[in-house]
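What follows is each chain in one-letter form.
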Amino acid sequence: MNKAEKERQERRRRMLAREQGHTSTRPIPGTSGDIGLRTPQPVHRSTTPPPAQPESKTATTNLKSLTPLFKQRQRRRNIFLGVMVLIIALVIAIFTGAMSASIALLSDSVDSLSLYLNRGSGGWPADTGISEPLQVQELAGGFVELDSEDVVVYSAYGSRVRNFQPGYARPVLAVGGTRFVVYNRAGNELQVSSRTRSLFTRTFDNGILLCAMSNNNTLAVVTESGRYTAQLQFFDPSFSETYSWQMTQNEGTPIAVDFAPDNRRFAAGTLAARDGQLGCTIYFMDTADANQGPAYTATQGSMLLLLDWQTDSRVVAVFDTYIAVLDPRTATETARYDFGGATLQSAAPGVRQTALLLNIRGGNSLVTFDQDLTPLAEIPARQAYGVAATDTDVYLLCPNAVECYSYDGVQNWSKDDLAAHPIAVLDAAQTLVVTGSTVEVLAAPGE
């Protein structure tokens, strides 16, 4: 048997062994003998199915696998809902005026912080440069002063904040919580300012008769009207119109406007001709209600001088012949004091006490009252020409002196070393007295 025949036989044995499932370990010819050909073993697959997983365990496994997807979808849904809530809140805030009020509050807070940081640049006494002021009003613990040409603003720390010239022929001042308006009673323009800067300038189609501001800086403007007796408009702190009232001849022309503590309701005192005589009516209105509110009719022939809405249930109306406490909910008198022929010189109405300077039988007298307008004291006031008051003290303005009294008529002290006659006493962060161009802290001698 030759070599070729042997190789053929060897190949047959290997093929037979492969078919029978055996592995040959004989070396492959032509190699070094350490490499053998191993026939792969066949894979025997079991026909028995694997044991089935319990149904609850399978459901739990599937639920666990879906939980991240559910959480992701829930997170997206929450984000979407949050964005929608913010958008709706923004729209509501814009339409209700809350946004403008918030922006105004932020601006006022920035002003207060700036004035506090610069408090070291001022102090009392202060020289305003205005020797004959037309008006001086408390403003956020400081004051604003107006004469025929200039306006000056001082902070609660005695620092001059700003001054400007409005350029009006007949300038008039109205003050709110932290802002004020200067308007031209001989024209149709006004300027709204904060303590630190000018905010708005507005020109109306008709002449301006009266302006008033609330504690939250809402502005009321009374103008003449072509078709009506007058028009009363309200503007929010961003100077968007929020309310308008076209007043008929029967309702009259507003001569006094004051806001309730909620800054939403207001009292408007009007003057109208009835039965051949002029008469005053006070309307108690709500800017959220289109209907006319209750109205108080004053005694015939009495002229309204001052309106002071003090609490939800108390409005003080000062006339030239009497003073009355009114309930704005019903427009009825709850207390009243008639002057009995005396002439009113000055008035300082309060929530718990009120002080009046009356000319009685040719001489001035200081008369104080409790909250029900029951007289507490009446003392001679000699040459006094004005009265101011705080919750605890009454101040008589006299030539070159200020006298301090308690409401029971007892004199506490007198300050008679003033450089000039006092023009006003301000219930600011500190009690201030204005004398000529000087403003100083008013305190008892020796304090």
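Numbering of residues starts from 1 in each chain and follows the order in which that chain's sequence is written. Residues qualify for local features only when their pLDDT is at least 70, as the model is predicted, and side-chain atom pairs are given and counted only at 80 or more; totals for whole chains, interfaces and linings, by contrast, use all residues. The side-chain values count all of the structure's non-hydrogen atoms but skip hydrogen atoms and water molecules.

Draft legend 1. Summary view of empty space enclosed by the protein. A 1.4 Å probe that fits but cannot get out identifies a cavity on a 1 Å grid over protein atoms alone, an open set with protein on both sides within 12 Å along at least five of seven lines counts as a pocket, and a residue lines either if it has an atom within 4 Å of a point. Grid points are joined across faces, edges and corners, and a volume is the space filled by probe spheres set on the points. Here the structure, examined in full by the defined rule, presents one cavity of 30 Å³ or more. Each pocket or cavity is described by its volume, and for the largest cavity that value is around 40 Å³. Along its surface, the largest cavity is lined by R179, V192, F200, M213, N217, L219, D236, P237 and F239. Its residues assigned to classes, the lining of the largest cavity comprises six nonpolar, one polar and two charged. Residue classes follow a fixed rule: Ala, Val, Leu, Ile, Met, Phe, Trp, Tyr, Cys and Pro count as nonpolar, while Asp, Glu, Lys and Arg count as charged, and any other residue, Gly among them, counts as polar.

Draft legend 2. Inspection of the pairing of strand β29 (residues 411-415) at higher detail. Judged from the four bridges that link them, strand β28 (residues 401-405) and β29 form a sheet pairing that is antiparallel. Pairing of Y405 across the sheet is with Q411, part of β29. Here β28 hands over to β29 after five residues, with G409 in that stretch at a positive phi of 90°. The pairing criterion for strands is at least two bridges between them, as found by DSSP. Per the convention used, a helix needs a DSSP run of H or I reaching at least four residues, while a strand needs a run of E reaching at least two, with both numbered from the N terminus.

Draft legend 3. Focus on the nonpolar core. Only buried residues count toward a nonpolar core, which is a set of Ala, Val, Leu, Ile, Met, Phe, Trp, Tyr and Cys residues joined through side-chain atoms within 4.5 Å. Here's how the labels work: a residue is buried when its accessible area is under 20% of the maximum for its type, exposed when over 50%, partly exposed in between, all with a 1.4 Å probe on protein chains only. With 30 residues, the main nonpolar core has L190, L219, W245 and F266 as its most contacted residues. Among the elements that take part in this core, strand β10 (residues 208-213) stands out by supplying five residues, more than any other. Working rule for contacts: check all heavy atoms of both residues, and any pair within 4.5 Å makes them a contact. Leave out the neighbours within four places in its chain, and L219 touches V181, L190, V192, C211, A212, M213, Q233, F234, F235 and F239. A256, F284, W309 and F319 belong to the second largest nonpolar core, which has 18 residues in total.

Draft legend 4. Broad picture of the confidence of the model for the protein chain. Looking at the protein chain as a whole, its pLDDT mean stands at 86, while 81% of the residues score no less than 70. Low pLDDT, under 50, characterises residues 27-40; the predicted model gives this stretch 18 contacts beyond four residues in sequence or across chains. As a per-residue measure, pLDDT reflects the predictor's confidence and takes values from 0 up to 100.

Draft legend 5. Broad picture of the pattern of salt bridges. Only one rule defines a salt bridge in this text: a Lys or Arg side-chain nitrogen within 4 Å of an Asp or Glu carboxyl oxygen. If you walk through the whole model with that rule in mind, you get eleven salt bridges. Across the pair E333 and R336 runs a salt bridge, and its minimum N-O distance is 2.9 Å. Judged by relative accessible area, which is 33%, E333 ranks as partly exposed. Judged by its relative accessible area of 30%, R336 is partly exposed. With its nearest N and O atoms 3.5 Å apart, the salt bridge here joins K415 to D417. Here K415 falls in the buried class, since its relative accessible area comes to 12%. Among the charged side chains, a network of salt bridges with common partners joins D262, R264, R265, D286 and D312.

Draft legend 6. Expanded view of the environment of V410. Relative to the elements of secondary structure, V410 occurs in the loop between β28 and β29. Judged by its relative accessible area of 44%, V410 is partly exposed. Taking the C-alpha atoms as reference points, V410 and A377, separated by 33 residues in sequence, lie 8.9 Å from one another. Leave out the neighbours within four places in its chain, and V410 touches C404 and Y405.

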